[in-house]
Amino acid sequence: MKVVTFMKQGILVVRLEGELDVCGANEFRTSVDEALAATGAKHILLNMQGVSFIDSSGLGVVLGRYKRIAQLGGKILVVHLEPQIKRIFELAGLMKILTVYQSEEQALDLL
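Basis of the calculations
Residues numbered from 1 in each chain as written. Predicted model: local features only at pLDDT ≥ 70, side-chain atom pairs only at ≥ 80, totals over all residues. Heavy atoms only, no water. Pairing = 2+ DSSP bridges. Helix = DSSP H or I, 4+ residues; strand = E, 2+ residues; numbered from the N terminus. Axes fitted to C-alpha atoms, helices over the stretch in contact; angles between N-to-C directions. Contact = heavy atoms within 4.5 Å. Salt bridge = Lys/Arg side-chain N within 4 Å of Asp/Glu carboxyl O. Right-handed = clockwise from strand over helix to strand, strands pointing away. Parallel < 35°, antiparallel > 145°, perpendicular 65-115°, else oblique. Left-handed = near helix turned anticlockwise from the far one by under 90°. Nonpolar A, V, L, I, M, F, W, Y, C, P; charged D, E, K, R; others polar.

**Side note on the sheet that holds strand 4 (residues 76-79)**
Strand pairing in a sheet relies on backbone hydrogen bonds. The paired strands run either parallel or antiparallel. With respect to topology, 5 strands assemble into an open sheet ordered 1-2-3-4-5, the strand pairing being mixed. Only two strands of the sheet have a single partner each, and these edge strands are strand 1 (2-8) and strand 5 (99-101). Here the strands of the sheet are splayed against their neighbours by 25° on average, with no regard to which way each runs. Judged from the 7 bridges that link them, strand 1 and strand 2 (residues 11-20) form a sheet pairing that is antiparallel. Looking across to strand 2, one finds that Phe6 is bridged to Val13. Packing against the sheet, helix 2 (residues 56-71) makes contact with strand 2, strand 3 (44-54) and strand 4, and its axis sits at approximately 170° to strand 3.

Printed below as a string of structure tokens:
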């Protein structure tokens, strides 16, 4: 799992590549939590374009970041959600709490 984080327009952008499974979930959690602590960001934009697989560990870590951001009054925005990953998000109920956009630019413009 490759995790790249940076700030753009006051939003923590997280670009993921690889499998968000039990191994990748730990890297995701660490990278995002450290970036949130360093930046004080209130919103997270998850770019899932490079994610080829997600399991329950991956779902759990995304949900955990959602809960943390929601306590601050923030949102998690998701872009480039592959159809198979979107289906898993739907089955897990995450589509009810996450906002999905087509691109990073669209998400940033509408927030």
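After presenting the structure, the write-up continues.
**Some details on the pattern of salt bridges**
If the charged atoms of two oppositely charged side chains come close together, the side chains can form a pair. Here the structure, examined in full by the defined rule, presents 4 salt bridges. The shortest N-O distance in the salt bridge between Arg65 and Asp33 comes to 3.3 Å. Of this pair, Arg65 sits in helix 2 while Asp33 sits in helix 1 (residues 22-39); the two residues are 32 residues apart in sequence, bridging distant segments of the chain. A cluster of three or more residues bridged by salt bridges with shared partners is formed by Asp33, Arg65 and Arg68.

**Re the pairing of strand 2**
Connecting strand 1 to the next strand, strand 2, in antiparallel fashion are 2 residues, including Gln9 with a positive phi near 55°. Bridge count between strand 2 and strand 3: 8 bridges; the pairing is parallel. Bridge pairing links Arg15 to Asn47 in strand 3. In this region the chain leaves strand 2, passes through helix 1 and returns to the parallel neighbour strand 3; the handedness of that crossover is right-handed.

**What about the environment of Asp33?**
Once the C-alpha coordinates of Asp33 and Arg65 are considered, the two residues, 32 residues apart in sequence, prove to be 8.1 Å apart. Once you skip the residues sitting within four places of it in the chain, Asp33 turns out to touch Arg65 and Arg68.

**A closer look at the pairing of strand 3**
Across 4 bridges, the pairing between strand 3 and strand 4 is parallel. By the bridge assignment for strand 4, Asn47 is matched with Val79. Of the crossover connections in this fold, the one passing from strand 3 over helix 2 to the parallel strand 4 is right-handed.

**Observations regarding the packing of helix 1 against helix 2**
Helices that pack against each other are described as a pair by the angle of their axes relative to one another and the distance between those axes. Their axes nearest at 8 Å, the elements helix 1 and helix 2 cross at an angle of 15°. As judged from the angle between their axes, helix 1 and helix 2 are roughly parallel. Of the two elements, helix 1 crosses helix 2, and the hand of that crossing is right-handed. In this structure, helix 1 contributes Val22, Ala25, Phe28, Arg29, Val32, Asp33, Leu36 and Ala37 to the contact, and helix 2 contributes Ser57, Gly58, Val61, Val62, Arg65, Arg68 and Ile69. Here the contact of helix 1 with helix 2 is composed, by residue class, of 9 nonpolar, 2 polar and 4 charged.

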